[in-house]
Amino acid sequence: MFDKEYDVIVVGAGHAGSEAAASAANLGCSTLLITMNLQNIAQMSCNPAMGGIAKGQIVREIDALGGYSGIVSDRTAIQFKMLNKSKGPAMWSPRVQSDRMRFAEEWRLLLEQTPNLDFYQEMVSGLIVENGKIKGVKTSLGIEVRAKTVVLTNGTFLNGLIHIGEKQFGGGRAGERAATGITEQLVDLGFDSGRMKTGTPPRVDGRSLDYSKMIEQPGDEIPEKFSYTDLSKPLTNQRSCYMTYTSSEVHDLLREGFDRSPMFNGRIKSIGPRYCPSIEDKINRFADKDRHQMFIEPEGWNTVEVYVNGFSTSLPEDVQFKALRSVVGFEGVKFFRPGYAIEYDYFPPTQLTHTLETKLVSGLFFAGQINGTTGYEEAASQGLMAGINAALQVKEEEAFTLKRSEAYIGVLIDDLITKGTEEPYRMFTSRAEYRTLLRQDNADFRLTPMSHKIGLASDDRMKRMEEKEKKANDFVQFFKETSVTPQEANPVLEEKKSSLINQSGKMFKLFARPQITLNDIRHFEKVSAYIKENDLDKEVLEQTEIQVKYSGYIEKEKNNADKLNRLENIKIPKDFDYTKLKSLSYEACEKMTRIKPATISQASRISGVSPSDISVLLVYMGR
């Protein structure tokens, strides 16, 4: 089996590793996925959910590019919600509750059906590097496997250390051992490494909870789905989540354990995720709040195990148990397992290029938590991009990268490699300056043609996207060309308390009014006849409404993106000597020498690089 040289080896089979292996193999490369436990492929280590604010957009982008996360999420969902529906479409974010066991099973079955993909269960303890180029990996049994490229997706396993109160033990996840050897070798090769921390809440027995005392959180009445393909269907049946609150009494009980908390007694030295703090961190930082929300999330269709969202903790297990029993609805709670914190190694991502290849070792790619991110979706998107670029490098084809104006994935990678991160990085809509362009509804329009061009998105995906785009564009054109009389329009306008019209005008102008919805417009006979005649589905109707209502904003953002993209086209040579530009500030010279920005645009986003530094660069490049 190991006599051959693989095109791509992927180390680790979490969300990043699974997407990396799938994309490399689907691009025709012989791929080997090595993981410490084949039973835990695509394990949901923390909450049983996919998507959410900005993360839902990323899942839709992965799907539009031909990845598997959207399909798996749809097939194993137990609840669907479109978040932020009360806001504009740039903020709409799809999210599903998942069946944890079925999610991992579905991923494994999909990977096993993927041609060109082999599997092997063992720990990778080292890399084979010759003359600054990756040549393969070494396993803990001493086996050497050769490869043209390697993608590291080690998650929280690199020298992982688990904390529960004053107890600590090595592990990459509860019940699984840590991975050793790789960090030390990479540091010897010249890489900088750091430590990060994340945590997870207790899992409890749902039979021991009193849901009648909690607030039910059902899914959407008409659930949608992630995938643009017909490989999955929207849910017809859903499971509810529930909400309850902590209290002053709960906080007091938790405080009793602070002296034994690894967060407060100095045992944990690394930084945890800012936007997903532990319960002890919340009551310490927000001392004025006498309660915090907790979401009770079922782990699947048939299991009684429940995830306690909002109660992430590394306090001693007896403190966790006593405090949780004082929460409304948890009076008789029984634990399946306590919450814990985990510290692990990561490598500051400024050591990578836009393709996620390391600058120090050619052919070596990093994806996921090894780059300092947090979240399944952020990891999966990096895995997809690293797998694509590893495969393209093997095929000696042009690298595949995404701009900030093209995808949230582009924002994520650019943020990481340009600014770096000292705390677990999480994606938000506010991080994207072009979020009106990067909506969840148009990810296929944005990305499927690019992916089809490199051979990952199938012909069927491309055909579906083109049909949907044509139908939406034709419907928008229909509104631009079709007139409406005052007699037809005014009854609707009067009902919606919108200004009446006194002469005929184009329907587009009417539809663009904020008070007028698609349901109002459908009352016009011409519109309902057009919809029926052209068999327009919900996706096309939604797309049309957004394009009409937000056309001004979309156009303005496109113009801004085009201006910035001109700077993207001004490339900076790889070995450019910034010291020869005497007018550059010392800080700009130092940071650009270290980060080696590929374009003027990327250079402008480096912290500490001022507009005057960019002017100096532009003048020089202009010459």
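Coordinates for the structure precede this section.
Here we summarise the structure given alongside this text. Here the structure is a predicted model, which means the values were calculated and not measured.

How each quantity is defined
Residues numbered from 1 in each chain as written. Predicted model: local features only at pLDDT ≥ 70, side-chain atom pairs only at ≥ 80, totals over all residues. Heavy atoms only, no water. Core = buried A, V, L, I, M, F, W, Y, C linked by side-chain atoms within 4.5 Å. Buried < 20%, exposed > 50% of the residue type's maximum accessible area, 1.4 Å probe, protein only. Helix = DSSP H or I, 4+ residues; strand = E, 2+ residues; numbered from the N terminus. Contact = heavy atoms within 4.5 Å. Polar contact = N/O pair within 3.5 Å; in protein donor to acceptor, adjacent residues only side chain to side chain. Phe/Tyr/Trp six-rings, centres within 6.5 Å; stacked < 30°, edge-to-face > 60°. Lys NZ or Arg CZ within 6 Å of the ring centre and 35° of its normal. 1 Å grid on protein atoms, 1.4 Å probe; cavity = no way out; pocket = protein on both sides within 12 Å on 5 of 7 lines; lining within 4 Å. Points joined across faces, edges and corners; volume = space filled by probe spheres on them. Nonpolar A, V, L, I, M, F, W, Y, C, P; charged D, E, K, R; others polar.

## Some remarks on the nonpolar core
So, step 1. Counting residues in each nonpolar core, the largest one holds 101 residues, and the members touching the most others are I9, V150, L152 and L364.
So, step 2. No other element matches helix 9 (residues 376–394), which puts 11 residues into this core.
So, step 3. What L152 contacts, discounting residues up to four positions off in sequence, is V11, L127, I182, L186, L364, F365, F366, A367 and I370.
So, step 4. Of all hydrophobic cores here, the second largest spans 25 residues; its members include F478, F524, I531 and V548.

## Quick look at the side chain of D520
So, step 1. Note that D520 resides in helix 15 (residues 518–521).
So, step 2. Polar side-chain contacts of D520 include one of 2.9 Å to the backbone nitrogen of T517.
So, step 3. With near-sequence residues (within four places) excluded, D520 lies in contact with V492, K496 and Q515.

## Quick notes on the packing of aromatic side chains
So, step 1. If you walk through the whole model with that rule in mind, you get 19 aromatic pairs.
So, step 2. When the ring of F479 is compared with that of F511, the centres are 4.9 Å apart and the planes differ by 55°; the resulting orientation is tilted. Of the two residues, F479 sits in helix 12 (residues 459–481) while F511 sits in helix 14 (residues 507–511), which places them 32 residues apart along the sequence.
So, step 3. Its relative accessible area of 0% is what places F479 among the buried residues.
So, step 4. Looking at F511, the relative accessible area reads 0%, which means it is buried.
So, step 5. Geometry around W92 places K85 over its ring, the cationic atom sitting 3.6 Å from the centre.

## Quick word on empty space enclosed by the protein
So, step 1. By the definition in use, this model includes 1 cavity of 30 Å³ or more.
So, step 2. Considered as a void within the structure, the largest cavity measures approximately 30 Å³ in volume.
So, step 3. Taken together, D74, A77, F80, V96, E224, K225, K233, P234 and L235 make up the lining of the largest cavity.
So, step 4. Looking at the lining of the largest cavity, its residues break down into 5 nonpolar, no polar and 4 charged.

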